[in-house]
Amino acid sequence: MNTSATPTEDFSWLPEALEPVALRLVRADQCAYRIGDLTSQWSLDGPLGMEQVRRGDIVQMFLKSIRPVPPEVPLLFSEAVNHLRASIDNVIWYLIEQEHGQLSGSAGTLVSMPILESREAFERWTSRRVKEKITAFGADTPLGRRLHTLQPFSDLQSSVPSTSQVLANLMRLKVETAHPLRLMQAYSNGDKHRSIRVAVPRAFSSTDRTPLVEQDLAHQELKVGNALGPPTPWGQMSVLETNTALMVQRPEPFSAWVNPVKELCAMRRHTSQVIIPILLTGLEMPRGLPAAVELGDNGQSTRERLVAGDWEDADARLAGTLRDRFHEAEHRDIAIPPVVEGLDPHST
């Protein structure tokens, strides 16, 4: 995308009938914030139960238990994706009804946001709707041109990385990039047929007995019985540090494990700054719609709430909380798990 406009303070570019769309985006951001708050507290509370297993003259740490993940987390992720996807379709329906009036029956089933992989597929999609007299989708109409601009095959600049390049280098991972519309489509489709793979506990651990550069610092899926760290001679001190996180696996055709808060915020920003403004005005908006808006009973109209909204999204607002919880974790006393006797590896 190359064109942009400066947002107006009164959001005059947003029709009154579409104000609920802005609130959907706010709710998606609230879901992301709640996920970040829940999961960081889950991690701080120490969800891993460990024990030291002694076998003769060596001892090794093993994972004994994992505290269940709060069930609210996957539900919140699913809700946020639904709001993002629905907000776009709400705009499409509004624009079509402005041109054609209310549609129903077979024509109504053809009204949605296309997310297609090739120009040819998009042209077939457009032709079918024009054939059904939904001419607002025509290739030479403002909406048709804007939809074409937003397609993944046309918009080659927009992408959501699975992680930062710095973190990928540290963990020796390959960054997986995905167009935000394709990503949203994958999550939405996946959620219809199976539960999103979110809230799977993953962690990386490090030990002072092995140089950091020689350790695998990538997050690994945890299972009870996993060994944590290498064997240590009995009687020698060895410090093991773990950093546990809840992550979500991108649905097919993707595969990366990602931070759910950053993933949702990236899709929300693209929807707010690119998709909805382009559909309505033909231009991107540097900020689009505010991320945080009061949704409670404060007596304000929706427009007044938007004007008073906060532009910092969940990822930014969580930064202070995460920093404080990480600081608290760093200053906790070292915990010594119980020792249990195992089979002596030297015995027959």
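Since this is a predicted model, take the numbers as computed values, not measurements.

1. Re the overall build of the protein
Next, step 1: Helix and strand content of the protein: eleven helices and ten strands.
Next, step 2: Carbon and sulfur atoms make up 50% of the accessible area of the protein, which totals about 18,100 Å².

2. Here we look at the sheet that holds strand β1 (residues 48–55)
Next, step 1: Across the sheet, four strands lie side by side as β7-β2-β1-β10; this open sheet has mixed pairing. The outermost strands of the open sheet, each flanked by one partner alone, are β7 (227–233) and β10 (339–341). Between one strand and the next, the sheet's axes are offset by a mean angle of 30 degrees, whatever the strand orientation.
Next, step 2: As paired elements, strand β2 (residues 58–66) and β7 share four bridges and run antiparallel to each other.

3. Examining the pattern of salt bridges
Should their charged atoms come close, side chains of opposite charge can pair.
Next, step 1: Scanning all chains against the criterion turns up 14 salt bridges.
Next, step 2: Close ionic contact of Glu79 with Arg27 constitutes a salt bridge, the shortest N to O distance being 2.8 Å. Here Glu79, found in helix α2 (residues 72–100), pairs with Arg27, found in helix α1 (residues 19–44); they are 52 residues apart in sequence, far enough to count as distant.
Next, step 3: Relative accessible area serves as the criterion here: at 27%, Glu79 is assigned to the partly exposed category.

4. Observations regarding the side chain of Glu19
Next, step 1: Relative to the assigned elements, Glu19 resides in helix α1.
Next, step 2: Residue classification places Glu19 among the buried residues on the basis of a relative accessible area of 11%.

5. Focus: the packing of α1 against helix α8 (residues 260–281)
Next, step 1: It is at 9 Å that the axes of α1 and α8 come closest, and there the two elements cross at 165 degrees. When the interaxial angle is binned, α1 and α8 end up roughly antiparallel. Of the two elements, α1 crosses α8, and the hand of that crossing is left-handed. Contact with α1, carried on its side by Val21, Leu25, Asp29, Ala32, Ile35 and Gly36, involves Pro260, Val261, Leu264, Cys265, Arg268, Thr271, Ser272 and Ile276 of α8 and no other residues of that element.
Next, step 2: Classifying every residue of the contact of α1 with α8 gives nine nonpolar, three polar and two charged.

6. Digging into the nonpolar core
Next, step 1: Core analysis: the largest hydrophobic core is formed by 71 residues, its most contacted members being Leu14, Ile92, Phe137, Leu147 and Leu279.
Next, step 2: The set of elements that each furnish at least two residues to this core consists of α1, α2, α4 (119–131), α5 (142–150), α7 (180–193), β8 (240–249) and α8.
Next, step 3: Ignoring sequence-local partners within four residues, the contact set of Leu279 consists of Ile88, Val91, Ile92, Leu95, Leu143, Arg146, Leu147 and Leu150.
Next, step 4: Formed by five residues, the second largest nonpolar core is a distinct cluster that contains Leu48, Leu63, Leu222 and Leu228.

7. Some words on the pairing of β1
If a strand is regular, its side chains alternate between the two faces of the sheet.
Next, step 1: Pairing of β1 with β2, which is carried by eight bridges, proceeds in the antiparallel orientation. If you follow Glu51 over to β2, its bridge partner there is Phe62.
Next, step 2: Between the antiparallel neighbours β1 and β2 lie two residues, among them Gly56 with a positive phi of about 65 degrees.
Next, step 3: Here β1 pairs with β10 via three bridges, running parallel. From the neighbouring strand, Val53 faces β10, where its bridge partner is Val340.

8. Some words on the environment of Ser238
Next, step 1: Within the secondary structure layout, Ser238 lies in the loop between β7 and β8.
Next, step 2: The class for Ser238 is partly exposed, based on a relative accessible area of 27%.
Next, step 3: Sequence spacing of Ser238 and Gln60 is 178 residues, and the spatial spacing of their C-alpha atoms is 9.8 Å.

9. Observations regarding unusual backbone geometry
Next, step 1: Following Glu252, the chain continues into Pro253 via a peptide bond in cis, with omega recorded as 15 degrees.
Next, step 2: If you trace the backbone, Pro253 turns up in the loop between β8 and β9 (257–258).
Next, step 3: If you check the backbone angles, Phe11 has positive phi at about 55 degrees while not being a glycine.
Next, step 4: For Phe11, the location among the structural elements is in the segment before α1.
Next, step 5: We note that Lys133 has phi near 70 degrees; this positive angle belongs to a residue other than glycine.
Next, step 6: Tracing the sequence through the fold places Lys133 in the loop between α4 and α5.

10. A few points about the packing of aromatic side chains
Next, step 1: In this structure the tally under the stated criterion is five aromatic pairs.
Next, step 2: Ring centres 5.1 Å apart and planes at 70 degrees place the aromatic pair Phe77 and Tyr187 in the edge-to-face group. Here the residue Phe77 occupies a position in helix α2, and Tyr187 occupies one in helix α7, the gap between them amounting to 110 residues.
Next, step 3: The class of Tyr187 is buried, set by a relative accessible area of 0%.
Next, step 4: When the centroid spacing of 6.2 Å and the interplanar angle of 15 degrees are considered together, the rings of Phe122 and Trp125 count as stacked. Of this pair, Phe122 and Trp125 both sit in helix α4, separated by three residues, roughly a single helical turn. Residues Phe122 and Trp125 agree in their burial class; the two are buried.
Next, step 5: The ring centre of Trp311 lies 4.0 Å from the NZ or CZ of Arg287, which sits over that ring.

What counts, and at which threshold
Residues numbered from 1 in each chain as written. Predicted model: local features only at pLDDT ≥ 70, side-chain atom pairs only at ≥ 80, totals over all residues. Heavy atoms only, no water. Helix = DSSP H or I, 4+ residues; strand = E, 2+ residues; numbered from the N terminus. Areas by Shrake-Rupley, 256 points an atom, 1.4 Å probe, with all protein chains shown as cover. Pairing = 2+ DSSP bridges. Axes fitted to C-alpha atoms, helices over the stretch in contact; angles between N-to-C directions. Salt bridge = Lys/Arg side-chain N within 4 Å of Asp/Glu carboxyl O. Buried < 20%, exposed > 50% of the residue type's maximum accessible area, 1.4 Å probe, protein only. Parallel < 35°, antiparallel > 145°, perpendicular 65-115°, else oblique. Left-handed = near helix turned anticlockwise from the far one by under 90°. Contact = heavy atoms within 4.5 Å. Nonpolar A, V, L, I, M, F, W, Y, C, P; charged D, E, K, R; others polar. Core = buried A, V, L, I, M, F, W, Y, C linked by side-chain atoms within 4.5 Å. Phe/Tyr/Trp six-rings, centres within 6.5 Å; stacked < 30°, edge-to-face > 60°. Lys NZ or Arg CZ within 6 Å of the ring centre and 35° of its normal.

Read these as spatial facts, not as claims about activity.
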